[in-house]
Amino acid sequence: EGTIYLNKNNKTIQVNATVIPENAANKTIKWSSNNSNVATVNNNGLVTGINPGTATITALTEDSGFKAQFNVTVKKKAIVVIIYNFTLNYIFKTS
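No experiment lies behind these values; they were computed from the predicted model shown.

Trainee: I'd like to hear about the overall build of the chain, residue by residue, with values.
Mentor: Per the secondary structure count, the chain includes zero helices and seven strands. Secondary structure elements of the chain, listed N to C terminal, follow the sequence β-β-β-β-β-β-β. Pairs at least 24 residues apart make up 48% of the contacts formed inside the chain by residues separated by at least 6 positions. When the accessible area of the chain is evaluated, it comes to approximately 7,700 Å², of which 50% is carbon and sulfur surface.

Trainee: Tell me about the sheet that holds strand β2 (residues 12–14), residues and numbers included.
Mentor: The three strands are arranged β2-β5-β4 in an open sheet whose pairing can be described as antiparallel. Since the sheet does not close on itself, it has two edges, and those belong to β2 and β4 (39–41), each with one partner. Averaged over all adjacent pairs, the angle separating strand axes in this sheet is 20°, with direction ignored. When β2 meets strand β5 (residues 46–49), the two strands line up antiparallel, connected through three bridges. Each residue of the ladder has a partner; that of Gln14, found in β5, is Leu46.

Trainee: Pulling in residues and values, what's your account of the nonpolar core?
Mentor: Counting residues in hydrophobic clusters, the biggest one holds 15 residues, and the most contacted among them are Trp31, Ala39, Val47, Ile57, Phe70 and Val72. Elements with a contribution of two residues or more to this core: β3 (29–33), β4, β6 (53–61) and β7 (67–76).

Trainee: Residue-level account of the pattern of salt bridges, with values.
Mentor: Tallying each qualifying case throughout the model produces two salt bridges. The partner of Lys27 in a salt bridge is Glu22, with the nearest N and O atoms 3.6 Å apart. Judged by relative accessible area, which is 37%, Lys27 ranks as partly exposed. Of the charged contacts, one joins Lys30 and Glu62 as a salt bridge, the two residues approaching to 3.9 Å between their closest N and O atoms. Residue Lys30 is located in strand β3, and its partner Glu62 is located in the loop between β6 and β7; the two are separated by 32 residues in the primary sequence.

Rules used throughout
- Residues numbered from 1 in each chain as written.
- Predicted model: local features only at pLDDT ≥ 70, side-chain atom pairs only at ≥ 80, totals over all residues.
- Heavy atoms only, no water.
- Helix = DSSP H or I, 4+ residues; strand = E, 2+ residues; numbered from the N terminus.
- Contact = heavy atoms within 4.5 Å.
- Areas by Shrake-Rupley, 256 points an atom, 1.4 Å probe, with all protein chains shown as cover.
- Pairing = 2+ DSSP bridges.
- Axes fitted to C-alpha atoms, helices over the stretch in contact; angles between N-to-C directions.
- Core = buried A, V, L, I, M, F, W, Y, C linked by side-chain atoms within 4.5 Å.
- Buried < 20%, exposed > 50% of the residue type's maximum accessible area, 1.4 Å probe, protein only.
- Salt bridge = Lys/Arg side-chain N within 4 Å of Asp/Glu carboxyl O.

Take a look at the structure:
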């Protein structure tokens, strides 16, 4: 499971899949999302949050059809703004 928070700095998470055995003839993995309105995934397993909600990311081996799934939750990140009030007093000296 993973969570993506929608803000300017972090809208993605990297998901990795390993094909076993090491000497498999075809190690190609096809990635997909069951809800592309919430999250998309590219050919390298990089998941991008689009809108709040949940989606299931699937890694499917091209050769044998084995699959693994990863649930992701996309949330809006609350932005907290703290304002400090202060006064600057400038003292000017004249010569």
